[in-house]
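Residues per chain are reported as follows:
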Amino acid sequence: MTDARRRHAAALAAGLVSAAGFAPLDLWPLTIAGVAALVWLLGRTPALKGALATGWWWGLGHFSASLYWIAHAFQFQAKMPSWLGWVAVVALSGLMAIYPAAAAGIGWRFGQRGLAARLLGFAGAWMLAEYLRGFVFGGFPWNPLGVVLLPVPGLPHAAAAIGGLGLSGVVVLIAGAVLLAAEGQRRAAGAAAGLVVLLAAGGAYWATTPPPAAKRVPLLIVQANIGQGEKWDPLVEEANLRKHLRLTAEALRTAPTNALVAWPEAAVTGLLDEDPILQLRIGAVLRPGDLLLTGADKALRDADGWAYAAHNSLFVVSPRGRLLARYDKARLVPYGEYLPLRWLFEPIGIARLVPGGIDFWPGPGPRTLALPGFPSVGPQICYEIVASGLVVERANRPKWILNASNDAWFSDGGAWMHLAQARLRAIEEGIPLVRATPTGVSAIIDSHGRIVSMLGRDRAGVLRGELPQAAFTTIFGQAGQILPLIMAIICFPLAGAVTRR
């Protein structure tokens with residue numbers, strides 16, 4: 001085996017190991033080790049082409065091990081064989097591996113004269129690449145590197161200032177401190193470790209800041225445990241609706257008055273806004289003063305009444321069955337909710353994962369909904385919650401976020417990863433977040449990203465609690481990605497200065 005092939009095999013193995021830091025394993029030291037191994041391999045790579053290849057192989061292992069849950073979604077689309085899901089995992093991972101490859105190439109270029117310069121160049125390039133991953137090729141920001149730091153005391157709360165993107169840079173910084181110490185560069189290693197400790201201390205201080213007091217709002221999250229295989233089956237559609245209604249009615253009998261009820265994404269499989277009887281049935285289980293928020297589709301029709309597209313929506317329902325507000329999902333999943341180049345893929349047997357013959361269309365973006373008698377809410381439907389800095393309406397910030405999701409698509413691992421990224425959004429914005437899912441994990445998360453209570457996987461029931469209060473507006477909530485992007489850009493002149501020295 002040639003030296004290049006050995007490097008590529010080692011990079012692939014390091015990438016696979018690095019994914020163990022994501023939920024549900026949460027073995028974050030292995031992510032640190034995997035990143036450190038990549039930076040170390042770059043120092044043993046003689047040419048830029050080899051550095052790019054090393055970064056790509058690392059990325060292939062890293063993303064394949066953290067995107068395996070995608071294959072599970074292909075089990076529910078009869079138009080395509082289930083084995084195609086594993087092809088999709090490898091293909092998507094190969095595409096996403098372009099970003100670590102680019103960061104590796106830039107890190108190698110800066111690191112020709114030393115490890116410290118290589119680390120700084122790689123850290124800046126990684127943060128920029130991760131930022132671009134949220135937009136290029138339609139955007140797929142799943143599992144930012146920084147989310148592995150959630151179990152580390154203090155550090156995740158630094159995201160209130162530097163965001164998840166900044167936390168990804170901190171992961172590289174920790175890996176760099178380990179490498180520098182291993183190579184005897186104690187002063188540089190100490191400086192890196194000191195910065196990490198400072199960020200952890202600041203985050204820990206912020207996490208102890210209590211939110212302002214507010215009135216108590218009873219909250220009920222209905223998790224009916226309806227799997228994806230039966231969700232869209234017309235033979236059990238009525239039974240599924242009755243299950244949601246029964247669980248809601250039973251919980252409200254003993255709940256405090258003026259309660260908020262949350263159902264998951266697409267909990268109502270019919271066209272709610274076109275069915276007055278359905279609206280009245282849902283409203284009938286509510287008491288005066290209650291409100292219910294549920295996911296349902298909204299058909300878009302032409303002048304003749306034919307549906308040409310749809311919105312994946314969330315509706316607010318009053319006790320009388322009136323629809324008070326609607327939010328339309330803005331960030332759609334390609335090949336999941338719509339089929340790009342349908343004219344090309346449909347004839348060869350490739351279909352979107354969500355059943356139906358028409359595509360979903362995106363809504364206008366984050367929106368705050370006023371709820372009569374309750375704090376305003378910022379809805380985020382399913383996968384939208386992974387987009388850092390794009391989950392709330394900046395000019396009209398909500399008091400809480402509702403992430404109505406259908407995690408029945410995910411395997412167990414994918415559902416726990418989804419929950420972890422939702423927690424990171426709560427920390428960034430300083431806003432409590434509620435997750436409503438059909439099969440788990442449903443959860444109430446406070447404004448510091450801590451899980452107040454949750455209902456695990458494959459369980460039916462109602463999660464009862466109170467809506468946590470929003471914290472003071474965070475630095476990230478005011479400035480968004482500006483600070484972490486400045487951090488990324490500053491790395492390059494610092495790397496140049498270290499190189500000249």
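Before reading on, note that the structure itself is shown above.
For clarity, every value in this text was computed on a predicted model and none was experimentally measured.

Asks: What's the story with the environment of Glu428 in this structure? I'm lost.
Replies: As for its position among the elements, Glu428 is in helix H14 (residues 412-429). The class for Glu428 is buried, based on a relative accessible area of 0%. Remark: the alpha-carbon pair of Glu428 and Val136, spanning 292 residues in sequence, is separated by 23 Å. Not counting chain neighbours up to four residues away, the residues in contact with Glu428 comprise Ala159, Ala160, Gly163, Gly164, Ser388, Gly389, Thr474, Phe476 and Gly477.

Asks: Sorry if this is basic, but what is going on with empty space enclosed by the protein here?
Replies: The method is simple in principle: a probe with the dimensions of a water molecule rolls over the atoms, and the space it marks as empty is what remains. Here the structure, examined in full by the defined rule, presents two cavities of 30 Å³ or more. The calculated volume of the largest cavity comes to roughly 200 Å³. Lining of the largest cavity is provided by 15 residues; of these, Glu130, Tyr131, Pro141, Ser388 and Gln481 occupy positions nearest its centre. For the lining of the largest cavity, the elements supplying multiple residues, two or more each, are helix H7 (115-133) and helix H8 (159-182). Quantified by volume, the second largest cavity comes out at close to 40 Å³. What lines the second largest cavity is Phe63, Tyr99, Pro100, Trp126, Ala129, Glu130 and Arg133. Taken together, the elements giving at least two residues each to the lining of the second largest cavity come down to helix H6 (98-110) and H7. Examining the composition of the lining of the second largest cavity, we find that four residues originate from one element, H7, more than from any other. Its residues assigned to classes, the lining of the second largest cavity comprises five nonpolar, no polar and two charged.

Asks: Explain the side chain of His418 to me, please; I cannot follow it from the model alone.
Replies: Locating His418 in the fold gives a position in helix H14. Look past the residues within four positions of His418 in its chain and what remains in contact with it is Trp142, Cys382, Tyr383, Ile385, Val386, Ser405, Asp407, Phe410 and Arg435.

Asks: Sorry, what's going on with the layout of surface pockets here?
Replies: Its volume calculated, the second largest pocket comes out at about 690 Å³. Along the walls of the second largest pocket sit 26 residues, with Leu120, Leu173, Ala192, Leu195 and Leu494 positioned nearest its centre. Elements represented by at least two residues in the lining of the second largest pocket include exactly H7, H8, helix H9 (186-207) and helix H16 (482-500). Ranked by the residues each element gives to the lining of the second largest pocket, the list is headed by H8, at nine residues. Here the lining of the second largest pocket is built from residues that sort into 21 nonpolar, three polar and two charged.

Asks: How do you make sense of the environment of Tyr308 when you look at a structure like this?
Replies: With respect to the element layout, Tyr308 can be found in strand E4 (residues 307-317). Between the C-alpha atoms of Tyr308 and Ile174, which are 134 residues apart in sequence, the distance is 51 Å.

Asks: I keep staring at the sheet that holds E4 and nothing clicks. Help me out?
Replies: Across a sheet, strands are paired by hydrogen bonds formed along the backbone, either parallel or antiparallel in direction. Read from one edge of the open sheet, six strands run E5-E4-E3-E2-E1-E12, paired in mixed fashion. If you trace the sheet from one side to the other, it starts and ends with strand E5 (323-328) and strand E12 (461-466), each paired once. Within this sheet the neighbouring strands show an average axis-to-axis angle of 30°, counted without direction. Summarising the sheet, strand E2 (residues 260-262) and strand E3 (residues 291-301) pair through three bridges and their orientation is parallel. Paired with Val261 across the two strands is Leu292, which belongs to E3. Lying over the sheet, helix H11 (residues 237-253) contacts strand E1 (218-223), E2, E3 and E12, oriented at roughly 150° with respect to E1.

Asks: Just checking my understanding: could you explain the sheet that holds strand E9 (residues 433-436) for this structure?
Replies: Pairing within the open sheet is mixed, and its six strands lie in the order E6-E7-E8-E9-E10-E11. The open sheet is flanked by strand E6 (369-371) and strand E11 (451-455), the only strands paired with a single partner. Geometrically, the sheet is characterised by an average inter-axis angle of 20° between neighbouring strands, direction not taken into account. Its contacts with the sheet put H14 on strand E8 (400-404), E9, strand E10 (442-445) and E11, and the angle it makes with E9 is roughly 160°.

Asks: Is there a simple way to explain the pairing of E9 in this structure?
Replies: Remember that side chains alternate between the two faces of the sheet whenever the strand is regular. Side chains of E9 alternate between two faces, with Leu433 and Arg435 and Val434 and Ala436 buried alike. Note on the crossover from E8 through H14 to E9: the handedness is right-handed. From the end of E9 to the start of E10, which pair antiparallel, there are five residues, and Gly440 there has a positive phi angle of about 95°.

Asks: Can you walk me through the packing of H7 against H8 in this structure?
Replies: When two helices pack together, their arrangement is captured by the angle between the axes and the distance separating the axes. At a closest axis distance of 9 Å, the pairing of H7 and H8 adopts a crossing angle of 160°. If you check the angle between H7 and H8, you find them roughly antiparallel. In this structure, H7 crosses over H8, and the sense of that crossing is right-handed. Across the interface between the two elements, Leu115, Ala116, Leu119, Phe122, Ala123, Trp126, Met127, Glu130 and Tyr131 of H7 pack against Gly164, Leu165, Gly166, Ser168, Gly169, Val172, Gly176, Leu179 and Leu180 of H8. In terms of residue class, the contact of H7 with H8 is built from twelve nonpolar, five polar and one charged.

The rules behind each value
Residues numbered from 1 in each chain as written. Predicted model: local features only at pLDDT ≥ 70, side-chain atom pairs only at ≥ 80, totals over all residues. Heavy atoms only, no water. Helix = DSSP H or I, 4+ residues; strand = E, 2+ residues; numbered from the N terminus. Buried < 20%, exposed > 50% of the residue type's maximum accessible area, 1.4 Å probe, protein only. Contact = heavy atoms within 4.5 Å. 1 Å grid on protein atoms, 1.4 Å probe; cavity = no way out; pocket = protein on both sides within 12 Å on 5 of 7 lines; lining within 4 Å. Points joined across faces, edges and corners; volume = space filled by probe spheres on them. Nonpolar A, V, L, I, M, F, W, Y, C, P; charged D, E, K, R; others polar. Pairing = 2+ DSSP bridges. Axes fitted to C-alpha atoms, helices over the stretch in contact; angles between N-to-C directions. Right-handed = clockwise from strand over helix to strand, strands pointing away. Parallel < 35°, antiparallel > 145°, perpendicular 65-115°, else oblique. Left-handed = near helix turned anticlockwise from the far one by under 90°.

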